[in-house]
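Chain by chain, the residues:
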Amino acid sequence: MAAISRLQVQLLHFTPPLKSPSVSSRFPHFSRISPRKFFTHRPLCSVSDSTPQSSSSEIGSSSSIVGDLLDYLNKSWTQFHATAEAKRQLVAAGFHLLNEDEDWNLKPGGRYFFTRNMSCLVAFSIGEKYVPGNGFHVIAAHTDSPCLKLKPKSSSNKCNCLMVNVQTYGGGLWHTWFDRDLSVAGRVIVRGSDGSYLHKLVKVRRPLLRIPTLAIHLDRTVNQDGFKPNLETHLIPLMAMKMEDNSMESKNEGNDPLLKDALHPLLKQVISEELCCAADDIVSFELNVCDTQPSCLGGGNEEFILSGRLDNLASSYCAFRALIDSCGSHGDLISEQAVRMVALFDNEEVGSGSIQGAGAPTMFQAMRRVASDIAQGHVGEGVFERAFRQSFLVSADMAHGVHPNFMDKHEEHHRPEMQKGLVIKHNANQRYATSGVTAFLFRELGRIHNLPTQDFVVRNDMGCGSTIGPILASGVGIRTVDCGIPQLSMHSIREICGKEDIDTAYKYFKAFYQSFSSIDRKLKVDT
């Protein structure tokens, strides 16, 4: 009974209260049935739940951030929600919100951040002993993940089914999106009562969409030939059945040239009810298709985190949480000579070439503004160049853990395992920015703090992915190491990583902020 009580509390968290009855009254087939009565298992997504074994990584224990990560993942269905939640936590921790369009008034010992497009965030704390020309210690990650996005004109009608046209974003494992309980989330622009336009985030928590697979009776060879859906014609989510027969629309079935709205009226109404606004006040939208299944623990010992968007929200959360906790107490910045910074970018999955991506000079502009503001405008020769040369960047992106069923896909001596520590990524062709020097410094940090590391090198006969590391490293010549948390099912709608690796990454990043200055001073290169 105690487990059922916890379940009820959790489902109240994940199941929204009923909104206005207007949709269900006009479309009775869509009246909601509460899922609470169908669940009997103990929930695994509660912060208060702990693993049955005694472990330093128990959820809810003071030494673990796993429960907090699960909460963050469940709130962060899109890059916009991930940034907004990071913003909320930074403000709660005492960081001051800046505006890129306004003058900054920064002081040593201060903690600040700003957002761009509500999908990119840069936060930093300035050491009490920082002087212009000193370095920046940065952890960079990204907020976006492969997903389906609604097309500008998304409404479609086929066989009296209301369909939602989507476009693929990034390199997703698209077959994993079939037969899942899906919904929509993102941002919309809403017309205010005073004629202004407001940016609002929306998340429809209930299952709203589904991409059905074709019955095997109609595709007998699918298990032999493989499932190879056409991404334009087969990957279209089903939303509803038409409630009324319109002879004019039936004649144009499949093309819908008479549809005047970019969104189906039904979908527009659902979104407007979530936002408590009139449907006609929605003037623009940027919506992702999202899986409604909550992030949770799994495995025989609950040692795994099962979730969408682990790549790369797990790294993002460990990074900004480490920054917050590294300067949360009075005196944490008293002896610090550097600036501690975290940079979370959008659009990494599609090459980072956007105003909110790592290809934009966002982070470097912030670094210049910090140095210039602290110098009160009296910037000496080479201040910025010296600052970049003394800086160090940790490019944090999830890593390819060895798959037990496909061990031959990994180079024999570089097979990172889950629960075995943070992975340092190497590539001779500079797909990763790690060098012998940066790998040594980062590994030395782990040795001093008794934190495990592993190494990854891709096989010579396979292609290698890349990260924002080389983009940022080549931008101004900042020393960079590429690292990541090992995971399986990368770019699937549902990914998996080890619970202990989350805490290891968090401790590693926190140690980086607190200890890197002293380690870096011991190494001399180019002298």
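- For the protein chain, the name recorded in an unreviewed UniProt entry is aspartyl aminopeptidase, with Cucurbita moschata as its organism.
- Per its UniProt entry, the protein chain bears the Cofactor (unreviewed entry) comment "Zn(2+)".

### Focus: the overall build of the protein chain
Consideration 1: Counting its regular elements, the protein chain contains 13 helices and 20 strands.
Consideration 2: Per-residue burial over the protein chain gives 52% buried out of 527 residues.
Consideration 3: For the protein chain, long-range pairs separated by at least 24 residues make up 77% of all intrachain contacts whose partners lie at least 6 apart in sequence.
Consideration 4: Carbon and sulfur atoms provide 51% of the accessible area of the protein chain, an area that totals close to 24,100 Å².

### Topic: the side chain of Glu 495
Consideration 1: Counting through the fold element by element, Glu 495 comes out in strand β20 (residues 495-498).
Consideration 2: At a separation of 2.8 Å, a polar atom in the side chain of Glu 495 contacts the main-chain amide nitrogen of His 491.
Consideration 3: Apart from the residues lying within four places of it in its own chain, the contact partners of Glu 495 are Ile 305, Leu 306, Ser 307, Gly 308, Arg 309, Leu 310, Asp 311, Gln 487, Leu 488, Ser 489 and Met 490.

### So, the sheet that holds strand β10 (residues 282-291)
Consideration 1: If you trace the six strands from one edge of the open sheet to the other, you get β8-β7-β10-β5-β6-β9, paired in antiparallel fashion. The open sheet terminates on both sides in strands that have one partner only, identified here as β8 (197-203) and β9 (238-241). Adjacent strand axes in the sheet meet at a mean angle of 30°, parallel and antiparallel pairs treated alike.
Consideration 2: Bridge count for strand β5 (residues 147-158) against β10 is two bridges, and the pairing is antiparallel. The partner of Lys 149 across the bridge, within β10, is Asn 288.
Consideration 3: Strand contacts of helix α7 (residues 265-275): β5, β6 (161-169), β7 (182-191), β8, β9 and β10, with the helix running at about 100° to β8, the strand carrying the most contacts.

### Description of the pairing of β8
Side chains on a regular strand alternate between the two faces of the sheet.
Consideration 1: In this sheet, β8 lies alongside β7 in antiparallel orientation, the contact comprising seven bridges. Across the sheet, Gly 186 pairs through a bridge with Val 202, a residue of β8.
Consideration 2: Joining the antiparallel neighbours β7 and β8 is a turn of five residues, in which Gly 195 adopts a positive phi near 90°.

### Comments concerning the sheet that holds strand β19 (residues 486-488)
Two orientations exist for strands paired in a sheet by backbone hydrogen bonds: parallel and antiparallel.
Consideration 1: Strand order in the open sheet made by the five strands is β11-β12-β20-β19-β15, with mixed pairing throughout. Each edge of the sheet is formed by a strand with only one pairing partner; in this case those strands are β11 (296-298) and β15 (399-400).
Consideration 2: As paired elements, strand β12 (residues 304-307) and β20 share four bridges and run antiparallel to each other. Paired with Ile 305 across the two strands is Cys 497, which belongs to β20.
Consideration 3: Sitting on the sheet, helix α3 (residues 66-75) touches β11 and β12, and the angle it makes with β12 is about 5°.
Consideration 4: Each of β12, β19 and β20 touches helix α8 (residues 310-326); the most contacted strand, β20, lies at about 35° to it.

### Quick word on the nonpolar core
Consideration 1: In this structure, Ile 305, Val 394, Phe 442, Ile 502 and Phe 509 are the most contacted members of the largest nonpolar core, which totals 57 residues.
Consideration 2: Counting residues in hydrophobic clusters, the runner-up holds 34 residues, among them Val 188, Val 270, Leu 275 and Leu 287.

### A word on the packing of helix α11 (residues 436-448) against helix α13 (residues 499-520)
Consideration 1: Two elements in contact, α11 and α13, have axes separated by 9 Å at closest approach and are oriented at 110°. As summarised for this structure, α11 and α13 are arranged roughly perpendicular, according to the angle between their axes. Contacts between α11 and α13 involve Leu 441, Phe 442, Arg 443, Glu 444, Leu 445, Gly 446 and Ile 448 on the former and, on the latter, Tyr 508, Ala 511, Phe 512, Ser 515, Phe 516, Ile 519 and Asp 520.
Consideration 2: Residues belonging to the contact of α11 with α13 are distributed by class as follows: nine nonpolar, two polar and three charged.

About the cut-offs
- By convention here, each chain's residues receive numbers from 1 onward along its written sequence.
- Note on the predicted model: pLDDT of at least 70 is required for a residue's local features to be given, and 80 or more for side-chain atom pairs to be given and counted; whole-chain, interface and lining totals, by contrast, use all residues.
- By convention in this description, side-chain values take in all heavy atoms of the structure and omit both hydrogens and water.
- UniProt positions are given in the numbering used here, feature names are shortened, and annotations may be inferred rather than shown by experiment.
- Starting at the N terminus, helices and strands are each numbered in turn, a helix being any DSSP run of H or I of at least four residues and a strand any DSSP run of E of at least two.
- For every residue, the accessible area obtained with a 1.4 Å probe (protein chains only) is divided by the maximum for its type, and the residue is called buried under 20%, exposed over 50%, and partly exposed between those limits.
- Contacts between residues were defined by any pair of non-hydrogen atoms, one from each residue, lying within 4.5 Å.
- All accessibility values rest on the Shrake-Rupley procedure with a 1.4 Å probe; residue burial counts only the protein chains present in the view.
- Polar contact is the term for a pair of N or O atoms within 3.5 Å; when the atoms are in protein, one must be able to donate a hydrogen and the other to accept it, and sequence-neighboring residues count only if both atoms are side-chain atoms.
- Strands pair, by our definition, only if DSSP identifies at least two bridges between them.
- A fitted line through C-alpha atoms represents every axis, and for helices the fit uses only the stretch in contact; the resulting angles, taken between N-to-C directions, go from 0 to 180 degrees.
- To qualify as a nonpolar core, a set must consist of buried Ala, Val, Leu, Ile, Met, Phe, Trp, Tyr and Cys residues joined through side-chain atoms within 4.5 Å.
- In what follows, roughly perpendicular refers to angles from 65 to 115 degrees, roughly parallel to angles under 35, roughly antiparallel to angles over 145, and oblique to any angle outside these ranges.
- Ten residue types, Ala, Val, Leu, Ile, Met, Phe, Trp, Tyr, Cys and Pro, are classed as nonpolar, four, Asp, Glu, Lys and Arg, as charged, and the remainder, Gly among them, as polar.

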